[in-house]
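# Observations on the three-dimensional arrangement
Okay, here's what each chain looks like letter by letter:
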Amino acid sequence: MKKNNIRQILNQKQIWKKTKRIILDPKFKEVVFLSFLFITSFMIRRIGLKFGFPLLTHPDEANTLNPVYHMTANRTFNPSDFKRPDQIHYFIYFFYLNLISFIKFGKSLAQTFFDNQLAFYFYARLLIAVIGSIIPIAAYKIGKEFKIDFSIPAALLFAFFPYYVVHSHFITPDITITLFTLLIILFSIRFIKKREDKQIFLATIFAAINTAEKYPGLLSYGIIIVAIFLYAFEVKSPNINFNFNIFIKKFLTTLGLFILALFISAPNVFIEYGNVIDSIILESRSTHLGADNLGWGGNILFYIEQFIVESNPIVILFIFIGLFASITITEKTSIFLLYGLIYCVIMSKLDLHWVRWALPMYTTPLLLASLGVGYLWHLTQNKKRLKYLFTVIVL
């Protein structure tokens, strides 16, 4: 009996040691934090998903769900609608909402959609809320890739930034392409740091998917080009500062992969190229009630003002500190943090302006603000009083 008791005690101690080792493991802590971050972000975005019910007052939501209904009714994978072009959402919603329809009503979406519109709109919004809840995780991962770790402030800023919360309630592509944008930045940074081809291939695939979801996603391929350009400097040969051969080889490889991935994810964009061209012309029109006549500079100012309205002076201060830090830390990958700024300048050239168009733009000020927080935290590490004061200010 005594031997059995001793064995039990020893086993319990071994189990406790193993459990303690797991709990203290940094990877386990990170998993716990990211799980908590996702759940918290989702719970915030879950609130208000039934806004407007029983009225469906958001005009753009129908532009996504009606083609999905027609795809089901006509038994085709061709949505015949290329306004944005929204091809990723169409296919995801085609399978997702039909599955919901069969589970809840025992019939296909074609037979149940108009009798149960509110239910389908709710579940469609729920998916966007889930996608929006992944955005803080992607921002966290980007922050982890820098010498000055700004992962936690990035996670919190992206989790609670009002526009990312509000637009996670809408069945529109803007939250989705914001996630894709962050993933492209993440994998491009990892490509420079790890020099692994799979990283730039992943970035290229997401750039293609980004384009398939919304035409301006094509601009994100510019991130790939910049990453390859920086890589060509990193792998320079003796007496050669820039490896031109490597640049051309990587560029052509990623370009081919981009076209292939775009064709696989959105084949109808190629098949229905005539309708695609017509849709691009229509969407780039110069007039729309309440969304025109500001001009290039006016559009840029509009997007800046909208950010300031939903932000606060402390965040603005951290943006400038982050901009200063991005220059002083001498990390080449910090250039990727400025993609949202370039996106803003180019998109503002269009005659129209909408707040939701700015969601990928706002990745830059939020990432810079996060870097600013991380930078000041790094400076105050060995100064306890300043550290406590800084923590209070941030909170």
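Heads up: the structure comes first, above all this text.
An account of the accompanying structure is given in this report.

Each value, and the rule that gives it
Along each chain, numbering runs from 1 in the same order as the chain's sequence is written. Totals for whole chains, interfaces and linings use every residue, but because this is a predicted model, local features are given only for residues with pLDDT of at least 70 and side-chain atom pairs only at 80 or more, for both listing and counting. Water and hydrogen atoms were dropped before computing side-chain values, which therefore reflect all heavy atoms in the structure. The helix and strand labels rest on DSSP assignments: H or I over at least four residues marks a helix, E over at least two residues marks a strand, and numbering proceeds from the N terminus. Three labels apply to residues, based on accessible area from a 1.4 Å probe with only protein chains included: buried if under 20% of the type maximum, exposed if over 50%, partly exposed otherwise in between. In this description, contact between two residues means that some pair of their heavy atoms is separated by no more than 4.5 Å. Areas reported here follow the Shrake-Rupley algorithm with a probe of radius 1.4 Å; residue values treat only the protein chains shown as occluding. Multiplying 1.5 Å by the helix residue count minus one yields the expected span of that helix. Polar contacts, as used here, are pairs of N or O atoms within 3.5 Å; protein pairs need one atom able to donate a hydrogen and one able to accept it. Residues neighboring in sequence count only if both atoms are side-chain atoms. Note on terminology: a nonpolar core comprises buried Ala, Val, Leu, Ile, Met, Phe, Trp, Tyr and Cys residues joined through side-chain atoms within 4.5 Å. Should a side-chain nitrogen of Lys or Arg be within 4 Å of a carboxyl oxygen of Asp or Glu, the pair is scored as a salt bridge. Both site types are read off a 1 Å grid over the protein atoms alone. A 1.4 Å probe that fits but cannot get out defines a cavity, while an open set with protein on both sides within 12 Å along at least five of seven lines defines a pocket; lining residues have an atom within 4 Å of a point. Grid points are joined across faces, edges and corners, and a volume is the space filled by probe spheres set on the points. Basically, the charged four are Asp, Glu, Lys and Arg, the nonpolar ten are Ala, Val, Leu, Ile, Met, Phe, Trp, Tyr, Cys and Pro, and anything else, Gly included, counts as polar. Put simply, a patch holds well-exposed residues, over 30% relative accessible area, that have no salt bridge, with like charges counted together within 9 Å and Val, Leu, Ile, Met, Phe, Trp or Tyr side chains within 5 Å. Any two rings among Phe, Tyr and Trp, with Trp reduced to its six-membered ring, count as a pair given centres within 6.5 Å; such a pair is stacked if its planes are under 30 degrees apart, edge-to-face if over 60, and tilted if neither. Here, a charge over a ring is recorded when the distance from Lys NZ or Arg CZ to the ring centre is within 6 Å and its angle to the ring normal is within 35 degrees.

## A short note on the overall build of the protein
From N to C terminus, the protein includes 19 helices and zero strands. Within the protein, the proportion of its 395 residues that are buried is 48%. Restricting the contact set of the protein to residue pairs at least 6 apart, pairs at least 24 apart contribute 74%. Element-wise, carbon and sulfur atoms account for 68% of the exposed surface of the protein, whose accessible area totals about 20,500 Å².

## Quick notes on the side chain of Asn210
For Asn210, the location among the structural elements is in helix H10 (residues 197-213). With residues near it in sequence (within four places) discarded, Asn210 still touches Ile177, Phe180, Thr181, Ile184, Gly217 and Ser220.

## Let's talk about helix H16 (residues 313-328)
Here H16 spans 23 Å end to end across 16 residues, near enough to the 22 Å set by a 1.5 Å rise per residue. Those residues of H16 that sit buried are Val315, Phe318, Ile319, Ile321, Gly322, Ala325 and Ser326. For H16, the capping residue at the N-terminal end is Asn312, with a side-chain oxygen 3.0 Å from the backbone nitrogen of Ile314. Within two residues after H16, Thr330 carries a phi angle of roughly 50°, on the positive side.

## A word on the nonpolar core
One finds Tyr93, Ile142 and Tyr362 to be the most contacted residues of the largest nonpolar core, which totals 105 residues. Apart from residues lying up to four places away in sequence, Tyr362 is in contact with Phe161, Tyr163, Tyr164, Tyr303, Gln306 and Phe307.

## Concerning the pattern of salt bridges
Counted according to the given criterion, the structure contains 12 salt bridges. In this structure, the salt-bridge partner of Lys193 is Glu145, at a minimum N-O distance of 3.4 Å. In this pair, Lys193 sits in helix H9 (residues 174-194) while Glu145 sits in the loop between helix H6 (117-144) and helix H7 (151-160), placing the two residues 48 residues apart along the sequence. Residue Lys193 is classed as partly exposed on the basis of its relative accessible area, which comes to 45%. Owing to a relative accessible area of 10%, Glu145 belongs among the buried residues under this scheme. Of the charged contacts in the structure, one is a salt bridge between Lys214 and Asp174, with a shortest N-O distance of 2.6 Å.

## Quick notes on the environment of Gly48
Locating Gly48 in the fold gives a position in the loop between helix H2 (26-46) and helix H3 (59-73). Residue Gly48 is classed as partly exposed on the basis of its relative accessible area, which comes to 38%. A C-alpha to C-alpha distance of 9.3 Å links Gly48 and Val166, two positions 118 residues apart in sequence.

## Side note on empty space enclosed by the protein
Remark: the empty space left among the atoms is shown by a probe the size of a water molecule rolled over them. Throughout the structure, instances matching the rule amount to one cavity of 30 Å³ or more. Reported here for the largest cavity is a volume of approximately 30 Å³. What lines the largest cavity is simply Ile177, Thr181, Asn210, Pro216, Gly217, Tyr339, Tyr343 and Pro360. Those elements that provide at least two residues to the lining of the largest cavity are H9 and helix H17 (339-347). Here the residues of the lining of the largest cavity sort into five nonpolar, three polar and no charged.

## Some points on a nonpolar patch on the surface
Residues Ile259, Leu260, Phe263, Ile264, Phe270 and Ile271 make up a contiguous nonpolar surface patch of about 600 Å² in total accessible area. The set of elements that each furnish at least two residues to the nonpolar patch consists of helix H12 (244-265) and helix H13 (267-271). Per element, the largest residue contribution to the nonpolar patch is four residues, and it comes from H12. Mapped onto the elements, Phe270 comes out in helix H13.

## Digging into the layout of surface pockets
Estimated volume of the second largest pocket: approximately 730 Å³. Those elements that place two or more of their residues in the lining of the second largest pocket are H3, H12, helix H14 (273-283) and H17. Among the residues making up the lining of the second largest pocket, the classes are represented as 16 nonpolar, six polar and seven charged.

## Concerning the environment of Leu255
By the secondary structure assignment, Leu255 is in helix H12. When the C-alpha atoms of Leu255 and Ala208 are compared, they prove to be 9.8 Å apart, with 47 residues separating the residues in sequence.

## Some words on the packing of aromatic side chains
Tallied over the full model, the rule gives 34 aromatic pairs. A centroid spacing of 5.4 Å and a plane angle of 80° characterise the contact between Phe77 and Phe94, whose relative ring orientation is edge-to-face. Remark: Phe94 occurs in helix H4 (residues 87-105) and Phe77 occurs in the loop between H3 and H4; sequence separation between them is 17 residues. We classify Phe77 as partly exposed; its relative accessible area is 45%. Every member of this aromatic cluster is reached through a ring pair, and the members are Phe158, Phe161, Tyr163, Tyr164, Phe307 and Tyr362. Looking at Lys50, its charged tip hangs above the ring of Phe122, at a distance of 5.5 Å from the centre. Sitting above the plane of the Phe51 ring, Arg125 keeps its charged end 3.9 Å from the centroid.

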